[in-house]
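Structure at a glance
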Amino acid sequence: MGKPTRSTAMYLTVLTVIASTVTNAHHIFGGSTTTVHGGTAVLPCNLSDTTDTLTQISWQRVTRGKPQNDNFFSVSSTKRGHFVSGRDSRFKFIGNFADKNGSLQLSNVKLNDEGTYTCIFILFPSGNLKTEIRLNILVPPVTNLKGFNLSSSNEEVSLVTCTAACSKPPAEVRWLTGSLGEKVRVTTDSTLHDNGTTSTVSSLVGVPSSDIRHHSVQCVINSSALKRGKTLSFVIEVAGSAHPQRPSIIFLFSATFMMFGCNF
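About the criteria used
Residues numbered from 1 in each chain as written. Predicted model: local features only at pLDDT ≥ 70, side-chain atom pairs only at ≥ 80, totals over all residues. Heavy atoms only, no water. Salt bridge = Lys/Arg side-chain N within 4 Å of Asp/Glu carboxyl O. Helix = DSSP H or I, 4+ residues; strand = E, 2+ residues; numbered from the N terminus. Disulfide = S-S within 2.5 Å. Buried < 20%, exposed > 50% of the residue type's maximum accessible area, 1.4 Å probe, protein only. Pairing = 2+ DSSP bridges. Axes fitted to C-alpha atoms, helices over the stretch in contact; angles between N-to-C directions. Phe/Tyr/Trp six-rings, centres within 6.5 Å; stacked < 30°, edge-to-face > 60°. Lys NZ or Arg CZ within 6 Å of the ring centre and 35° of its normal.

Some details on the pattern of salt bridges
For the structure on display, the rule yields 6 salt bridges. Between Glu114 and Arg64 there is a salt bridge, with its nearest N and O atoms 2.9 Å apart. Separated by 50 residues along the polypeptide, Glu114 in the loop between strand S9 (104-106) and strand S10 (115-124) and Arg64 in the loop between strand S5 (53-63) and strand S6 (70-75) bring together distant segments of the chain. The salt bridge involving Asp113 is made with Arg90; its shortest N-O contact spans 2.6 Å. With a gap of 23 residues between them, Asp113 in the loop between S9 and S10 and Arg90 in the loop between strand S7 (82-83) and strand S8 (91-93) connect regions that are remote in the sequence. Salt bridges sharing partners connect three or more residues here, namely Arg64, Glu114 and Lys168.

Structure below.
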């Protein structure tokens, strides 16, 4: 018996794209950030080319977890960081008010954190200048492999099933079947969950006979949320029987994630 596995190698920041906006000769640097679920993201926000007096830096967000515009953080010359709508210790101010750097760091990123963050510089006498930072979250798949006790039969049955669950974006699932060729075929189904993750279930289907006995097959799972692809191996075993039986499960890593709808 085993448990579903998720890659434990999380990136601090997978990809950060810096964008610059010019407003009345002021340069505001923001951009977008892509981070793996559970990792750390940097929300970049910088202002340059201004002699105006900076009085405050404010942050707003519209996310999966906060669908209404939420003023959640501010910085001033007297307050290094102030939570406006409830403290969230995962956020850390990593900028410098004097340098007009309002960047934030968000640790232990959750799927509900995905969305658009707005950094606002309050200047005198110019007024407010802002830039938007898009935070995208990748979710590594939970993987499992399910095999069966097979008895010789003339009827087509599922030989082995591979699942890549709760992934964002959807994982790619494929099979390496070696010399089995046309003796097996692949069926694949995907389910999109309410939180934007996808579960993909792929099965090898064939007639359990001596022709496929002892053959090794591999399920290969790839996702941009994984550092490297995962390969799960299985050896097909078929018992001889004069009375074909319905296949019974010989191991199942767990389908708990399916029951709870991939909630994070």
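Next comes the rest of the account.
A word on the state of the cysteines
Counted according to the given criterion, the structure contains 2 disulfides. A sulfur-sulfur separation of 1.9 Å characterises the disulfide bridge that pairs Cys45 with Cys119. Residues Cys45 and Cys119 share a disulfide whose torsion about the S-S bond is about -80°; that sign makes it left-handed. Linking Cys45 in the loop between strand S3 (41-43) and strand S4 (46-48) with Cys119 in strand S10, this pair joins segments that are 74 residues apart in sequence. According to the relative accessible area criterion, Cys45 is buried, its value standing at 0%. Its relative accessible area of 0% is what places Cys119 among the buried residues. Here Cys162 pairs with Cys219 through a disulfide, and the sulfurs are 2.0 Å apart. Measuring handedness by torsion sign, the sulfur bridge of Cys162 and Cys219 sits at about -75° and is left-handed. With Cys162 in strand S13 (residues 157-167) and Cys219 in strand S17 (residues 216-222), this pair connects stretches of sequence that are 57 residues apart.

Some words on the sheet that holds S9
The strand order across the open sheet formed by 3 strands is S3-S9-S8, and the pairing between neighbours is antiparallel. Looking along the sheet, the strands with just one partner apiece sit at the ends: S3 and S8. Each strand axis lies, on average, 25° off the axis of its neighbour in the sheet, ignoring direction.

Considerations on the environment of Ser151
Counting through the fold element by element, Ser151 comes out in strand S12 (residues 142-151). What makes Ser151 buried here is its relative accessible area of 12%. In this structure the C-alpha to C-alpha distance between Ser151 and Gly240, which are 89 residues apart in sequence, comes to 5.8 Å.

Brief notes about the sheet that holds strand S18 (residues 230-235)
Within a sheet, each strand pairs with its neighbour through backbone hydrogen bonds, oriented either parallel or antiparallel. Read from one edge of the open sheet, 3 strands run S14-S17-S18, paired in antiparallel fashion. Edge strands, defined here as strands with exactly one partner in the open sheet, are strand S14 (172-176) and S18. Neighbour to neighbour, the strand axes of the sheet diverge by 20° on average, direction disregarded. As paired strands, S14 and S17 are joined by 5 bridges and run antiparallel to one another. Bridge pairing in S17 links Val173 to Ile221.

Remarks on the packing of aromatic side chains
A complete count under the given rule lists 4 aromatic pairs for this structure. Here the aromatic rings of Phe72 and Phe91 are separated by 5.0 Å at their centres, their planes lie at 50°, and the arrangement is tilted. Of this pair, Phe72 sits in strand S6 while Phe91 sits in strand S8, and the two are 19 residues apart along the sequence. Neither residue differs from the other here; Phe72 and Phe91 are each classed as buried. With centroids separated by 6.5 Å and ring planes inclined at 50°, the aromatic side chains of Phe91 and Tyr117 adopt a geometry described as tilted. Of this pair, Phe91 sits in strand S8 while Tyr117 sits in strand S10, placing them 26 residues apart in sequence. You'll find Phe91 and Tyr117 in the same group, each marked buried. Three or more aromatic residues joined by ring pairs make a cluster, and in this case those are Phe72, Phe91 and Tyr117. Over the aromatic face of Phe72 sits the side chain of Arg61, whose NZ or CZ is 4.3 Å from the ring centroid.

None of this, on its own, says anything about what the molecule does.
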